[in-house]
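What follows is each chain in one-letter form.
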Amino acid sequence: MEMVPKPRSHAPAKKDRLRAKRKKPRRYWEQESGASPGPPPKKRSSRPARPRSSQVLRRSRISRKAQVPKPERRKPEQTLSGAQDPFPGPAPAPLEVSRKFRRIDKSKPLPSPKSKTRSRLEAAEAEEEEASVRAARSELLLAEQPGFLEGEDGEDTAKILQADIVEAVDIASAAKHFDLNLRQFGPYRLNYSRTGRHLALGGRRGHVAALDWVTKQLMCEINVMEAVRDIQFLHSEALLAVAQNRWLYIYDNQGIELHCVRRCDRVTRLEFLPFHFLLATASETGFLTYLDVSVGKIVAALNARAGRLSVMAQNPYNAVIHLGHSNGTVSLWSPAVKEPLAKILCHRGGIRAVAVDSTGTYMATSGLDHQLKIFDLRGTYQPLSARTLPQGAGHLAFSQRGLLVAGMGDVVSIWKGPGKASPPSLEQPYLTHRLSGHVHGLQFCPFEDVLGVGHSGGITSMLVPGAAEPNFDGLENNPYRSRKQRQEWEVKALLEKVPAELICLDPRALAEVDVISLEQRKKERIERLGYDPDAKATFQPKLKQKGRSSTASLVKRRRKVLDKEHRDKVRQSLEEQEQQQQQQQQQEKTKPPGTRPSALDRFVPQGDPWGINWCLCLLS
């Protein structure tokens, strides 16, 4: 049975029905009705047609006047919601701050050499300008500014008490002044970590503790049941070195003993070199020992040959160790050399304390002759200033901004200079403070205006305005870093570790060429090989064809080359003689005034007596 096809209806097909069901995608800011609350779309403005009859003056392609390009107007970028940036463009940089970082003087006009050289100079000047603007913008992040304590109407700042300073500062700064009464286990030695956040203290009667002194949170506290002579943080606050009565011990921040280094015995003082991962120890036996804490090996053990070593300090600039001796001298040591790099006679009596500032320029020493001296370490090693103290200073320390503190009995005196790069003035003290016991340890806290003092009665934290750098480098010494950040920093520091052989007086000398040792190596190489491999080879003429390589022609070519070399040598020697004669003539012409002419002046050679110019003409 055949089915008759039904007539097509006007209803939409299946695809058409699906298209009709689909709706236009609606954005999140559009309403259900489809109206958009944002700004209406911009209409393109039609440019008016230019009439044909109007004559337009065409400008020449090469104009006499310099064409100044018009500044481009950047359209404000619109976000998806239609809102605009209220502060478009780069952040503005203050002009005065950018001038401080500028290294090119723009007041001087550029020279007018070739166009290519001038374009390079202009490009370098533009790059320098951009760098100064970036440095000025980055300085906006350094919100803290250094400052000092100033008295009113000529008031002496040394008479201002710590209680007055605590009342004048804010609550957070006032909390940094405290006293720990630990008379039972004193006297105390103390040490701050490189970040300035943690404090380690060790008592003479075996008390060892580490704490976060900002939050007053105790990390560990133990009693080693043995005399503690010195204490020192290693590269981070997680490890602690303690010089006990017999040997050197390493503890972690939980008070667990990790190592006992028996090769370092009877240690009196400790210093840690952070960029070399070296722990320097001075002992009663007169040995200076360098221990590499990254691999646990002793790099060098040097005999100072000066008896008991109890005075030691490091130069933060070049990592050189300064040792004070009982004969009034200070010796400078490096693990790469078995003998001292330099010896300085500082006092008539024995040395009691040594300190070096952060720039490595000045060294302060105190001796049994009650003298406090400041020396210049820039090659001269001469005293710049001296002061006689009533009791003599037993302990010295420099701050990050160049303040000098001296501990004299139970009194602490601080001196400051006119600037950071200048030595402290010893005429008038900046601050003084009396403690409850005799001083046994001093150190300024990094990045905090705080001075930590260890004495027989415990620990005292003093406020010293203007002592530390107000801003820190978050990638190097971050006091707020987490445990993961500290671990990453340790890995990077180990990869950038400086070898101990590179410690020297002048670190800039590492980039120079040692000419003396280079010539010595060359001589040794010639003696070992029997000939000079770098010597100029004898001339061997090339073989030519068509009878031009006969024996006579080869000899002629060799002789020609030899004659040319000989002429060059003769010309050089004659030029040197001529220069010497010209110098002699100039010296003879400059006779002292008032000399009378002599009859023998006629025999003085004048002009060119030996015909040197004539010989040079013949040689050329």
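Since the model is a prediction, treat every value here as computed from it, not as a measurement. (Residues numbered from 1 in each chain as written. Predicted model: local features only at pLDDT ≥ 70, side-chain atom pairs only at ≥ 80, totals over all residues. Heavy atoms only, no water.)

Quick look at the pattern of salt bridges now. Within the structure shown, the criterion is met by 14 salt bridges. A salt bridge links Asp376 to Arg378; the shortest N-O distance between them is 3.0 Å. Asp376 sits in the buried class, given a relative accessible area of 9%. Salt-bridge contacts for Glu490 lead to Arg486; the nearest nitrogen and oxygen are separated by 3.1 Å. Placement of the pair is Glu490 and Arg486 together in helix H6 (residues 483–495), with a separation of 4 residues, close to one helical turn. Through salt bridges with shared partners, a single ionic network connects Arg229, Glu284 and Arg308. (Salt bridge = Lys/Arg side-chain N within 4 Å of Asp/Glu carboxyl O. Buried < 20%, exposed > 50% of the residue type's maximum accessible area, 1.4 Å probe, protein only. Helix = DSSP H or I, 4+ residues; strand = E, 2+ residues; numbered from the N terminus.)

For helix H7 (residues 515–529), built from 15 residues, the straight-helix expectation of 21 Å at 1.5 Å per residue is met to within 8% by its first-to-last C-alpha distance of 21 Å. In the segment just after H7, Gly530 is the residue with positive phi, at about 90°. (Expected span 1.5 Å × (residues − 1).)

Read from one edge to the other, the open sheet built from 4 strands follows the order S6-S7-S8-S9, with strand pairing classed as antiparallel. Of all strands in the sheet, those with a lone pairing partner are strand S6 (228–233) and strand S9 (257–265), marking the two edges. Each neighbouring strand pair of the sheet contributes to a mean axis angle of 20°, computed without reference to strand direction. Bridging between S6 and strand S7 (residues 239–244) involves 5 bridges; their strand directions are antiparallel. Along S7, the bridge assignment pairs Ile231 with Val242. (Pairing = 2+ DSSP bridges. Axes fitted to C-alpha atoms, helices over the stretch in contact; angles between N-to-C directions.)

Before going further, it helps to examine the sheet that holds strand S12 (residues 287–292). A sheet is described by the order of its strands in space; here 4 strands give the open sequence S10-S11-S12-S13, paired in antiparallel fashion. The two strands at the open ends of the sheet, each matched to only one other strand, are strand S10 (267–273) and strand S13 (297–303). On average, each strand axis in the sheet is inclined to that of its neighbour by 20°, with strand direction left out of account. As paired elements, S10 and strand S11 (residues 278–283) share 6 bridges and run antiparallel to each other.

Attention now goes to the nonpolar core. Counting residues in hydrophobic clusters, the biggest one holds 31 residues, and the most contacted among them are Val405, Val412, Ile414, Phe444, Leu451, Val453 and Val464. Mapped onto this core, the elements with two or more residues apiece are strand S2 (188–192), strand S3 (198–203), strand S4 (207–212), strand S24 (411–415), strand S26 (439–444), strand S27 (450–455) and strand S28 (458–463). Ignoring sequence-local partners within four residues, the contact set of Val412 consists of Val405, Ala406, Leu431, Thr432, His433, Leu435, Val439, Leu442, Leu451 and Val453. In terms of nonpolar packing, the next biggest core, distinct from the first, is built from 30 residues, Leu302, Ala304, Leu323 and Val354 among them. (Core = buried A, V, L, I, M, F, W, Y, C linked by side-chain atoms within 4.5 Å. Contact = heavy atoms within 4.5 Å.)

Quick look at helix H3 (residues 115–138) now. For the α-helix, the turn length of 3.6 residues means that residues three or four positions removed from each other point alike. In this model, H3 (24 residues) spans 35 Å end to end at C-alpha, consistent with the 34 Å of a helix rising 1.5 Å per residue. Buried residues of H3: Glu125, Glu128, Ser132 and Ala136, and no others. Next to the buried residues of H3 lie helix H2 (95–100).

In this section: the packing of aromatic side chains. Tallied over the full model, the rule gives 5 aromatic pairs. On the basis of an interplanar angle of 75° and a centroid distance of 6.1 Å, the ring pair of Tyr192 and Trp213 is categorised as edge-to-face. With Tyr192 in strand S2 and Trp213 in the loop between S4 and strand S5 (217–223), the pair connects residues that are 21 residues apart, well separated along the chain. Of the two residues, Tyr192 and Trp213, neither departs from the other in class, the shared state being buried. Measuring from centroid to centroid gives 6.0 Å for Phe472 and Tyr480, while their planes differ by 55°, and the two rings are tilted. Residue Phe472 is classed as partly exposed on the basis of its relative accessible area of 33%. Every member of this aromatic cluster is reached through a ring pair, and the members are Phe447, Phe472 and Tyr480. For the cation-ring pair, Arg194 lies above Phe275, with the distance from its terminal atom to the ring centre recorded as 5.2 Å. For Arg262, the ring lying beneath its charged end belongs to Trp247, and the centroid distance is 4.4 Å. (Phe/Tyr/Trp six-rings, centres within 6.5 Å; stacked < 30°, edge-to-face > 60°. Lys NZ or Arg CZ within 6 Å of the ring centre and 35° of its normal.)

Before going further, it helps to examine a negative patch on the surface. A surface patch of negative charge is lined by Glu152, Asp153, Glu155, Asp164 and Glu167. Residue placement: Asp164 occurs in helix H4 (residues 162–168). (Patch = residues over 30% accessible without salt bridge, like charges linked within 9 Å, V, L, I, M, F, W, Y side chains within 5 Å. Areas by Shrake-Rupley, 256 points an atom, 1.4 Å probe, with all protein chains shown as cover. Lys, Arg positive; Asp, Glu negative; His and termini not counted. Charge placed at Lys NZ, Arg CZ, Asp CG, Glu CD.)

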